[in-house]
Amino acid sequence: MEGIDLKGKTAIVTGASRGIGKAIALRLAELGANIVVNYRSTPVDDLIIEIEKMGVKAIAIKADVSKFDEAEKLIKETVETFGTLDILINNAGITKDALVMRMKEEDFDSVINVNLKGAFNTIRHASGIMFRKRTGRIINITSVVGITGNAGQINYSSAKAGLIGMTKSLAKELGSRGITVNAVAPGFIGTDMSDELSDKQKEAMIGSIPLKRVGSTEDVANLVAFLVSDMATYITGQVINVDGGMVM
Ligand code: NAP
């Protein structure tokens, strides 16, 4: 991506072991950033090797972002290793779909705790560092269902709508310190998460997308790379869809 140089920057990508998070980690590394690969359980040794081959540094930090103290450890270890933090990508997410009358309380709570509280937990510990530096980039990966709603996903869509509110409030709180906060809302992207849908559901979804295809993880990573770069210094508090025109 010509014109984007992240050399010397330190970026944390939560949930970077697979899917969209992995693609973001690789793209930011390719552009020169040192990367903290956060994960919950999937091993990331090969990914660390792949990133380091690009000539940047990478470390893996296992932390469940839904836990306040683990998120604190994630930020602390990052600063201990790299001395700073410039870019925080809150990507970690889960789904536990069910219609409201069948949804278990623990499935409502866990989806809110990972997708919404997880972002608060990391930002709570990272914002002070960026505040003192008077610069920083925060990207929250939300979803188009946070805008439109979706039957069977009251937990997930509530969390993603919450992330949009959080993004806008933070943009107002942190803007005077040169920190931008934006939300990226993917539509239907090919990953393990979207693979849980039946073939019939996938077909119906593709039918509703003007560009008539499933998005790639790179489609999302490209937008994130732009938003964390110096080309996007005047963009904050925005929700930008990467959805092939699904929601407009
Ligand atoms: P995915 O393939 O299921 O990967 C999820 C990632 O999140 C994994 O790396 C997983 O780590 C990590 N994770 C889950 N819970 C975690 C926790 N408590 N702490 C730390 N990491 C955790 O999902 P994806 O499709 O790439 O989705 C990435 C983000 O995009 C999510 O926020 C999702 O809601 C959003 N999104 C996706 C789509 C889509 O169509 N795929 C659409 C809209 C929005 P482990 O591997 O260690 O479990």
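Shown above is the structure to which this text applies.
No experiment lies behind these values; they were computed from the predicted model shown.

Draft legend 1. Just the overall build of the protein chain, in detail. Of the regular secondary structure elements, the protein chain holds nine helices and seven strands. Here the C-alpha atoms of the protein chain give a radius of gyration of 17 Å, agreeing with the 18 Å that 2.2 N^0.38 yields for 248 residues. Summarising its shape, the C-alpha atoms of the protein chain cover approximately 50 × 35 × 35 Å along the three principal directions. A fraction of 71% describes how many contacts in the protein chain between residues 6 or more apart in sequence connect residues 24 or more apart. Surface exposure of the protein chain reaches about 11,900 Å², of which carbon and sulfur atoms provide 51%. Taken as two groups, the 29 positive and 29 negative side-chain charges of the protein chain have centres that lie 5 Å from each other.

Draft legend 2. Up close: the side chain of Thr-180. Relative to the assigned elements, Thr-180 resides in strand E6 (residues 179-186). A polar side-chain atom of Thr-180 sits 3.4 Å from a polar atom in the side chain of Arg-137. In this structure, Thr-180 is in contact with Gly-136, Arg-137, Ile-138, Thr-233, Ile-235 and Thr-236, ignoring residues within four places of it in sequence.

Draft legend 3. Spotlight on the site of the ligand. As a structural note, the neighbourhood of the ligand is formed by 31 residues, with Ser-17, Ser-41, Thr-42, Tyr-156 and Thr-191 the closest of them. Within the side chain of Ser-17, a nitrogen or oxygen atom sits 2.7 Å from an oxygen atom of the ligand. In this structure, Gly-187 approaches the ligand through a main-chain N or O atom, which is 3.5 Å from an oxygen atom. Coverage of the ligand by the protein amounts to 97% of the 900 Å² it exposes when considered alone. For the shell around the ligand, the element with the most residues is helix H7 (residues 192-195), which contributes three residues.

Draft legend 4. Inspection of a nonpolar patch on the surface at higher detail. Taken together, Val-100, Met-101, Phe-108 and Ile-154 make up a surface patch of nonpolar side chains, about 430 Å² in accessible area. Locating Val-100 in the fold gives a position in the loop between strand E4 (87-90) and helix H4 (105-133). What makes Val-100 exposed here is its relative accessible area of 54%.

Draft legend 5. The arrangement of the nonpolar core in detail. Ranked by internal contacts, the top residues of the largest apolar core, which has 38 residues, are Ile-24, Leu-28, Ile-35, Ile-51, Ile-89, Val-184 and Val-224. Among the elements of the structure, strand E1 (10-13), helix H1 (19-30), strand E2 (34-39), helix H2 (45-52), E4, strand E5 (136-141) and helix H9 (217-228) are those that each provide at least two residues to this core. Not counting residues up to four positions away in its chain, the partners in contact with Ile-35 are Ala-11, Ala-25, Leu-28, Ala-29, Ile-51, Lys-57, Ala-58, Ile-59 and Phe-82. Counting residues in each nonpolar core, the second largest holds 27 residues, with Ile-61, Phe-82, Leu-85 and Ala-171 among its members.

Draft legend 6. Representation of the sheet that holds strand E7 (residues 239-242). Taken in spatial order, the seven strands line up as E3-E2-E1-E4-E5-E6-E7 in an open sheet, and their pairing is parallel. The open sheet terminates on both sides in strands that have one partner only, identified here as strand E3 (58-62) and E7. Mean inter-strand twist for the sheet, computed between neighbouring axes without regard to direction, equals 20°. Here E2 pairs with E3 via five bridges, running parallel. Bridge pairing links Ile-35 to Ala-58 in E3. Sheet contacts for H2: E2 and E3; angle to E3, the most-contacted strand, approximately 155°. Sheet contacts for H4: E4, E5 and E6; angle to E4, the most-contacted strand, approximately 170°.

Draft legend 7. Representation of helix H6 (residues 154-174) within the structure. In this model, H6 (21 residues) spans 30 Å end to end at C-alpha, consistent with the 30 Å of a helix rising 1.5 Å per residue. At its buried positions, H6 is contacted by H4, E5, helix H5 (145-148), E6, H7 and E7.

Thresholds applied
- Residues numbered from 1 in each chain as written.
- Predicted model: local features only at pLDDT ≥ 70, side-chain atom pairs only at ≥ 80, totals over all residues.
- Heavy atoms only, no water.
- Helix = DSSP H or I, 4+ residues; strand = E, 2+ residues; numbered from the N terminus.
- Rg over C-alpha atoms; globule rule 2.2 N^0.38 Å.
- Contact = heavy atoms within 4.5 Å.
- Areas by Shrake-Rupley, 256 points an atom, 1.4 Å probe, with all protein chains shown as cover.
- Lys, Arg positive; Asp, Glu negative; His and termini not counted.
- Charge placed at Lys NZ, Arg CZ, Asp CG, Glu CD.
- Polar contact = N/O pair within 3.5 Å; in protein donor to acceptor, adjacent residues only side chain to side chain.
- Near = heavy atom within 4 Å.
- Patch = residues over 30% accessible without salt bridge, like charges linked within 9 Å, V, L, I, M, F, W, Y side chains within 5 Å.
- Salt bridge = Lys/Arg side-chain N within 4 Å of Asp/Glu carboxyl O.
- Buried < 20%, exposed > 50% of the residue type's maximum accessible area, 1.4 Å probe, protein only.
- Core = buried A, V, L, I, M, F, W, Y, C linked by side-chain atoms within 4.5 Å.
- Pairing = 2+ DSSP bridges.
- Axes fitted to C-alpha atoms, helices over the stretch in contact; angles between N-to-C directions.
- Expected span 1.5 Å × (residues − 1).

Purely spatial values, then, with no claim about function.
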